[in-house]
Amino acid sequence: METYDVAIVGGGVAGLTAAIYAARAGKQAIIIEKQDRLGGRAITNKKNGAYFNLGGHALYRGDALATFRELELNLPGDQPSIDAYGIWKGKLSVLPMGVTSLFTTPLLTWKGKMEVAAWLAKLAKLDTHQYDQISLREWIETNLQDPMVRNVFYALLRTASYAMAPDLQAAGQVLKQLQNSMHGVLYLDRGWGVLVDELRKKASKCGVHFLIKNKVNRIEHQNGMVQHVLCEDGTRVSARNIILTTSPAIAHELVPDAEATALHTWKEQAIEVTAACLDVALRRLPKPKQQFVYGIDQPVFLSNQSRAAYLSEDGAQVISLIKYQGMETNSEKDLQDLEQTLDLVQPGWRDELVAKQYLPKITVCHDFMHVKRQENPGPAVPEINGLYVAGEWASHGELLVDAATASAKRAVQHILSHEEMERTPYEHRNIV
Ligand SMILES: Cc1cc2nc3c(=O)[nH]c(=O)nc-3n(C[C@H](O)[C@H](O)[C@H](O)COP(=O)(O)OP(=O)(O)OC[C@H]3O[C@@H](n4cnc5c(N)ncnc54)[C@H](O)[C@@H]3O)c2cc1C
């Protein structure tokens, strides 16, 4: 039986990124994925000629984009305009996103406009780390005076993180995401499936092996060292290092005696963020100006992704709607709220419908930077030599897919540094 240097459980963005970086460092790497295709939550489905991601996806200017650029991935797409509307008391109003809209918006008083103008100037240079330990609510209530300015910030920051938890969300990380979004986001032509495809091609080229449609059932370890990955069909993959990119709950389930490891803390402290997502492809837009909308007094968001990316083969417009969910969800009510949002923004949309996708409750992240976190997960599981975690929840301050790529690189870096240390004679360690 061949022994791999690195076996990676899960072939989403984190797994693919880890495999590429390990292979580029000369390591024999294998990805084991339970689904019949790679990509995890970054896949794209094609329906009636329209490309639907699993809910609206935007690439921020953070770690993921920098990583994909470093890997020289070919990711065509464009930056959408930020001219936006807000929904307040059932009506659409221009949102203050720039200088012109700031002066024309009916949502704010003169004093409110002055406060937003000051923040627009200040935000780009803000040291967001100083707010890492306080909640988003505390930041908003302490730093913003005007009630409507507060409402607008709650809406913008909810969209930046997908979390409906202002009392738990650490302010620093989400303010950083808002800062990144001020440089514009990227919508990808033909959806994030292209990104997955590019990562897969890069991984294959580097010599990464794949075991697809094979669920991992157990991680075998002995005397504090990883040994094998055991798959559902009986396949046993021998590996010196194993990176788990599953959810923290599944990682805990896969590892015998996980209660005695940090995996237990990471599972217990995790707070899941979910959303209801409605995507529609419309032959034409009944209201062509209304393409980008934040709910202010309701937790919804709408974006016509086709305004910046090629997302259908016959010119249909692909609109993504999201309802941010708290602890309690109601699939029918969420769909009703999303359809009502479409009725308001694009009245008559049903007559233009080409394709539709509804995801009643999808996990956006298994955990995020919240004020109740005891510690940041990973990269190494300290109690078991050679065991690592990565994935969007293994964040050390990054958000969403930025956390997936950053945590994957952290795990590989740790493996390489650990090997380097093992090669160094004991008396020379810790000298540098
Ligand atoms: C609705 C929605 C909107 C989003 N919008 C954005 C956005 O705008 N911007 C942004 O940056 N991010 C966004 N994200 C987040 C982004 O999609 C994720 O951060 C990223 O795709 C997560 O990658 P991952 O590899 O960490 O996890 P996953 O993609 O979940 O990959 C984990 C993989 O592990 C596999 N697996 C699990 N258990 C096993 C097992 N036992 N054996 C083998 N394989 C297993 C799974 O099948 C899966 O393929 C959004 C997510 C959602 C759901």
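Residues numbered from 1 in each chain as written. Predicted model: local features only at pLDDT ≥ 70, side-chain atom pairs only at ≥ 80, totals over all residues. Heavy atoms only, no water.

As for the sheet that holds strand β14 (residues 292-295)
Applied cut-off: Strand pairing is assigned whenever DSSP identifies at least 2 bridges connecting the two strands. Helix and strand labels come from DSSP, where a helix needs a run of H or I of at least four residues and a strand needs a run of E of at least two; each type is numbered from the N terminus. In this analysis an axis means a line fitted to C-alpha atoms, helices contributing only their contacting stretch, and an angle means the value between N-to-C directions, from 0 to 180 degrees.
Pairing is mixed across the open sheet formed by seven strands, whose spatial order is β7-β6-β14-β15-β16-β13-β17. Of all the strands in the sheet, the pair left with one neighbour each is β7 (91-94) and β17 (353-365). Adjacent strand axes in the sheet meet at a mean angle of 20 degrees, parallel and antiparallel pairs treated alike. Sheet topology note: the strand β6 (residues 85-88)/β7 ladder contains four bridges and is antiparallel. Paired with Y85 across the bridge in β7 is V94.

As for the packing of helix α2 (residues 63-70) against helix α12 (residues 401-423)
The condition that has to hold: Roughly parallel means an angle under 35 degrees; roughly antiparallel means over 145; roughly perpendicular covers 65 to 115; every other angle is labelled oblique. Residue contacts are defined here by distance: any two heavy atoms, one from each residue, within 4.5 Å place the two residues in contact. Here the nonpolar group is Ala, Val, Leu, Ile, Met, Phe, Trp, Tyr, Cys and Pro; Asp, Glu, Lys and Arg are the charged ones; every other residue, Gly included, is treated as polar.
Viewed as axis vectors pointing N to C, α2 and α12 meet at an angle of 55 degrees, and their least axial separation amounts to 7 Å. Compared by their axis directions, α2 and α12 come out oblique. Contacts between α2 and α12 pair D63, A64, L65, T67 and F68 from the former with V401, D402, T405, A406 and K409 from the latter. Of the residues in the contact of α2 with α12, the class split is five nonpolar, two polar and three charged.

Thoughts on the site of the ligand
As a reminder, the rule being used: Being near a molecule or strand, for a residue, comes down to having at least one heavy atom within 4 Å of it. Contacts described as polar in this section are N or O atom pairs within 3.5 Å, which, within protein, must combine one atom able to donate a hydrogen with one able to accept it, while residues neighboring in sequence count only if both atoms come from side chains. Areas reported here follow the Shrake-Rupley algorithm with a probe of radius 1.4 Å; residue values treat only the protein chains shown as occluding.
Near the ligand lie 35 residues; those nearest to it are E33, R41, H57, A58 and Y162. Between the ligand and the protein, one listed contact pairs an oxygen atom with a side-chain N or O atom of H57 at 2.9 Å. In this structure, V216 approaches the ligand through a main-chain N or O atom, which is 2.9 Å from a nitrogen atom. Here the ligand has 1,000 Å² of accessible area as a free molecule, and 96% of this is covered by the chains. Counting residues per element, the ones that place at least two in the shell around the ligand are α1 (13-24), β2 (29-33), β17 and α12.

Here's the deal with the UniProt feature "domain: Amine oxidase" (unreviewed entry) in the protein chain
The condition is simple: UniProt positions are given in the numbering used here, feature names are shortened, and annotations may be inferred rather than shown by experiment.
UniProt feature "domain: Amine oxidase" (unreviewed entry): in the numbering of this structure it lies at residues 13-272. Annotated as residues 13-272, this span is 39% helix and 20% strand, and its ends, taken at the C-alpha atoms, are 19 Å apart.

A word on the environment of R218
Which entries qualify depends on this criterion: Only protein chains enter the area calculation, which uses a 1.4 Å probe; residues under 20% of their type maximum are buried, those over 50% are exposed, and those in between are partly exposed.
Mapped onto the fold, R218 is located in strand β10 (residues 216-222). Looking at R218, the relative accessible area reads 36%, which means it is partly exposed. In sequence terms R218 and L254 are 36 residues apart; their C-alpha atoms lie 4.5 Å from each other. Among residues more than four places away in sequence, those in contact with R218 are H228, V229, L230, L254 and P256.

Here's the deal with α12
Here is the rule we go by: A helix's residues, less one, multiplied by 1.5 Å, set its expected span.
Helix length check: α12 (23 residues) gives 34 Å between terminal C-alpha atoms against 33 Å at 1.5 Å per residue, within 8%. Against the buried residues of α12 lie β1 (3-9), α1, α2, α7 (171-181), β12 (236-244) and β18 (387-389).

Concerning the packing of α1 against α12
Going by this rule: A crossing counts as left-handed when the near helix is turned anticlockwise from the far one by less than a right angle, and as right-handed when that turn is clockwise.
Packing of α1 against α12 leaves a shortest axis separation of 8 Å and a crossing angle of 35 degrees. Note on packing geometry: the crossing formed by α1 with α12 is right-handed. Contacts between α1 and α12 involve V13, A14, T17, A18, Y21 and A22 from the former and V401, A404, T405, A408, K409 and V412 from the latter.

Quick notes on the environment of K27
Among the structural elements, K27 can be located in the loop between α1 and β2. Between the C-alpha atom of K27 and that of G184, which follows or precedes it by 157 residues, the distance is 36 Å.

Considering α7
Where burial is concerned, most of α7 is hidden: nine out of the eleven residues are buried. A171, G172, Q173, V174, L175, Q177, L178, Q179 and N180 are the residues of α7 that are buried.

Quick look at the pattern of salt bridges
Here is the rule we go by: What counts as a salt bridge is simple: a side-chain nitrogen of Lys or Arg found within 4 Å of a carboxyl oxygen of Asp or Glu.
The final tally for this structure, using the stated rule, is 23 salt bridges. Note that K27 and E419 form a salt bridge whose closest N and O atoms lie 2.7 Å from each other. Residue K27 is found in the loop between α1 and β2, and its partner E419 is found in helix α12; the two are separated by 392 residues along the sequence. Taken individually, K27 and E419 each receive the classification buried, so the pair is uniform in this respect. One salt bridge in this structure joins D334 and K323, with 2.8 Å as the shortest N-O distance. Here D334, found in helix α11 (residues 331-345), pairs with K323, found in strand β16 (residues 317-324); they are eleven residues apart in sequence, far enough to count as distant. Classification of D334 as buried rests on a relative accessible area of 4%. In this structure, a network of salt bridges that share partners links the residues K323, K333, D334 and D337.

Notes on unusual backbone geometry
A cis amide bond links G378 with the next residue in sequence, P379, at an omega value of 5 degrees. With respect to the helices, strands and loops of the structure, P379 is situated in the loop between β17 and β18. Even without a glycine there, the phi angle at R190 is positive, about 60 degrees. Relative accessible area serves as the criterion here: at 38%, R190 is assigned to the partly exposed category.

Side note on the state of the cysteines
Keep this limit in mind: Sulfur atoms of two cysteines make up a disulfide when they are within 2.5 Å.
Taken as a whole and judged by the stated rule, the model has zero disulfides. C277 provides the cysteine sulfur closest to C365, a residue in no disulfide bond, and the two sulfurs are 12 Å apart. Given the relative accessible area of 3%, C365 is considered buried.

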